[in-house]
Amino acid sequence: MPSSSPCPPPTSPATDLARNPTPQRKDWFDAPSPRPTVQAERRYRQENLAVAFRLFAQQGFDYGLAGHITARDPEWTDHFWVNPLGVHFSQIKVSDLLLVNAAGEIVIGQGPLNRAAFAIHAALHETRPDIIAAAHTHSTYGKAWSALGRKLDPLTQDSCIFYEDHALFDDFTGVVLETDEGFRIGKALGAQKAVILQNHGILTAGPSVEAAAWWYIALENACQAQLLAEAAGTPQPIRHEIAQHTHAQIGGPGGAQFAFRSLFDILVRQQPEVLQ
């Protein structure tokens, strides 16, 4: 038989990889750099706000004309940016956003303005100077859970984001059209990140658009999970001390910000016109 050529020696798969000269442990993200000017901060909030609406549309949080997310303006802090009434969440661009003052007047943009959005959000932004953004829609699982008139239980790791950090507003009186009810919602919210509006839906608020929007997605998910668990049997909640500990681990705005930004990056690649 003819002799065959000798096989080349096996090559280690690591020999052609670029390795870090000094291996390091890196378990979390670098803190984001602050925007250098108030104009840059305004644009940052506007872009996150426009993208948040489109993400909400993808999540199915776009029922009728009922939803709104707001972002406080970094320069005129008693003004906030909000969506115009009647523009579908999936179509909103930065240029569509309205700037509204404390009197409910449109300072920038064409409108119309959702009067309920003003009534709720103006009061929240006035009551809580730490709130940069707030989100409320008539999402399905949030509405369903709100009809039970209860706060959520710590049934899962994810639901612990809201453990002892959400409230119940149990005084439904119809469509919110006056700021006095907005102030009552704000009083119920207190210093917490979310409130269940009985017979109405859910609302989240946070120190950034990213946090408020992601917490809304997470709260809707927690409502869905508890509804499913209770329909299937008798859920076993996480013990109080463990739920508190877990909340301390995952309840802050940092994780919410980076969770939102991962979705932001995908949506902007797919729909770059959102930033127009």
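That block above? That's the structure.
**Considerations on the overall build of the protein chain**
Reasoning step 1: Along the protein chain, the regular secondary structure elements total seven helices and eight strands.
Reasoning step 2: Expressed as lengths along the three principal axes of its C-alpha atoms, the size of the protein chain is roughly 95 × 50 × 35 Å.
Reasoning step 3: A buried classification covers 45% of the 276 residues belonging to the protein chain.
Reasoning step 4: Carbon together with sulfur atoms contributes 55% to the accessible area of the protein chain, which is approximately 14,400 Å² in total.
Reasoning step 5: Of the side-chain charges in the protein chain, 21 are positive and 28 negative, and the distance between the mean point of each set is 4 Å.

**A closer look at the environment of Gly-149**
Reasoning step 1: Of note, Gly-149 is situated in the loop between helix H3 (140–146) and strand S6 (166–169).
Reasoning step 2: For Gly-149, a relative accessible area of 25% corresponds to the partly exposed category.
Reasoning step 3: Separated by 78 residues in the primary sequence, Gly-149 and Ala-71 have C-alpha atoms spaced 28 Å apart.
Reasoning step 4: Excluding its chain neighbours within four sequence positions, the residues that come into contact with Gly-149 are Leu-168 and Gln-198.

**Here's the deal with the sheet that holds strand S7 (residues 194–197)**
Reasoning step 1: Taken in spatial order, the eight strands line up as S4-S3-S2-S1-S5-S8-S7-S6 in an open sheet, and their pairing is mixed. Every other strand in the sheet has two partners, leaving strand S4 (106–108) and S6 as the edge strands with one partner each. Each strand of the sheet is rotated relative to its neighbour by a mean of 25°, with strand direction disregarded.
Reasoning step 2: Packing against the sheet, helix H1 (residues 38–59) makes contact with strand S1 (68–72), strand S2 (80–82) and strand S5 (133–137), and its axis sits at approximately 170° to S1.
Reasoning step 3: Contacting S6, S7 and strand S8 (201–206), helix H4 (residues 179–189) crosses the sheet at an angle of about 140° to S6.

**Observations concerning the packing of aromatic side chains**
Reasoning step 1: What the rule picks out here adds up to nine aromatic pairs.
Reasoning step 2: Ring geometry for Phe-61 against Tyr-216: centres 5.3 Å apart, planes inclined by 65°, an arrangement best described as edge-to-face. A residue pair is termed long-range when its members are at least 10 positions apart, and Phe-61 in the loop between H1 and S1 and Tyr-216 in helix H5 (residues 209–232) qualify at 155 residues. Grouping residues by exposure puts Phe-61 and Tyr-216 together as buried.

**Remarks on the side chain of Gln-226**
Reasoning step 1: Tracing the backbone shows Gln-226 in helix H5.
Reasoning step 2: Of the residues examined, Gln-226 reaches a relative accessible area of 2% and is grouped as buried.
Reasoning step 3: Ignoring any residue separated from it by four or fewer positions in sequence, one finds Gln-226 in contact with Trp-145, Arg-150, Leu-152, Asp-153 and Leu-155.

**Description of the packing of H1 against helix H7 (residues 253–270)**
Reasoning step 1: Relative orientation of the contacting elements H1 and H7 amounts to 80°, with a least axis distance of 10 Å. Taken as axis vectors, H1 and H7 run roughly perpendicular relative to one another. Taken together, the residues of H7 that come into contact with H1 (itself represented by Tyr-44, Glu-47, Asn-48, Val-51, Ala-52, Arg-54, Leu-55 and Gln-58) are Gln-257, Phe-260, Arg-261, Leu-263, Phe-264, Leu-267, Val-268 and Gln-270.

**Describing the packing of helix H2 (residues 115–127) against H4**
Reasoning step 1: Running from amino to carboxyl end, H2 crosses H4 at an angle of 50°, the nearest separation of the two axes being 7 Å. Judged by the angle between their axes, H2 and H4 are oblique. Remark: the crossing between H2 and H4 carries right-handed chirality. Residues Phe-118, Ala-119, Ile-120, Ala-123, Leu-124, Glu-126 and Thr-127 of H2 touch H4, and the partners they reach there are Thr-179, Gly-182, Phe-183, Ile-185, Gly-186 and Leu-189.
Reasoning step 2: Classifying every residue of the contact of H2 with H4 by side-chain character gives eight nonpolar, four polar and one charged.

**Observations regarding the state of the cysteines**
Reasoning step 1: For the structure shown, the criterion picks out zero disulfides.
Reasoning step 2: The thiol sulfur of Cys-160 is not disulfide-bonded, and the nearest other cysteine sulfur, from Cys-223, lies at 14 Å.
Reasoning step 3: Residue Cys-160 is classed as buried on the basis of its relative accessible area, which comes to 0%.

Cut-offs applied
Residues numbered from 1 in each chain as written. Predicted model: local features only at pLDDT ≥ 70, side-chain atom pairs only at ≥ 80, totals over all residues. Heavy atoms only, no water. Helix = DSSP H or I, 4+ residues; strand = E, 2+ residues; numbered from the N terminus. Buried < 20%, exposed > 50% of the residue type's maximum accessible area, 1.4 Å probe, protein only. Areas by Shrake-Rupley, 256 points an atom, 1.4 Å probe, with all protein chains shown as cover. Lys, Arg positive; Asp, Glu negative; His and termini not counted. Charge placed at Lys NZ, Arg CZ, Asp CG, Glu CD. Contact = heavy atoms within 4.5 Å. Pairing = 2+ DSSP bridges. Axes fitted to C-alpha atoms, helices over the stretch in contact; angles between N-to-C directions. Phe/Tyr/Trp six-rings, centres within 6.5 Å; stacked < 30°, edge-to-face > 60°. Parallel < 35°, antiparallel > 145°, perpendicular 65-115°, else oblique. Left-handed = near helix turned anticlockwise from the far one by under 90°. Nonpolar A, V, L, I, M, F, W, Y, C, P; charged D, E, K, R; others polar. Disulfide = S-S within 2.5 Å.

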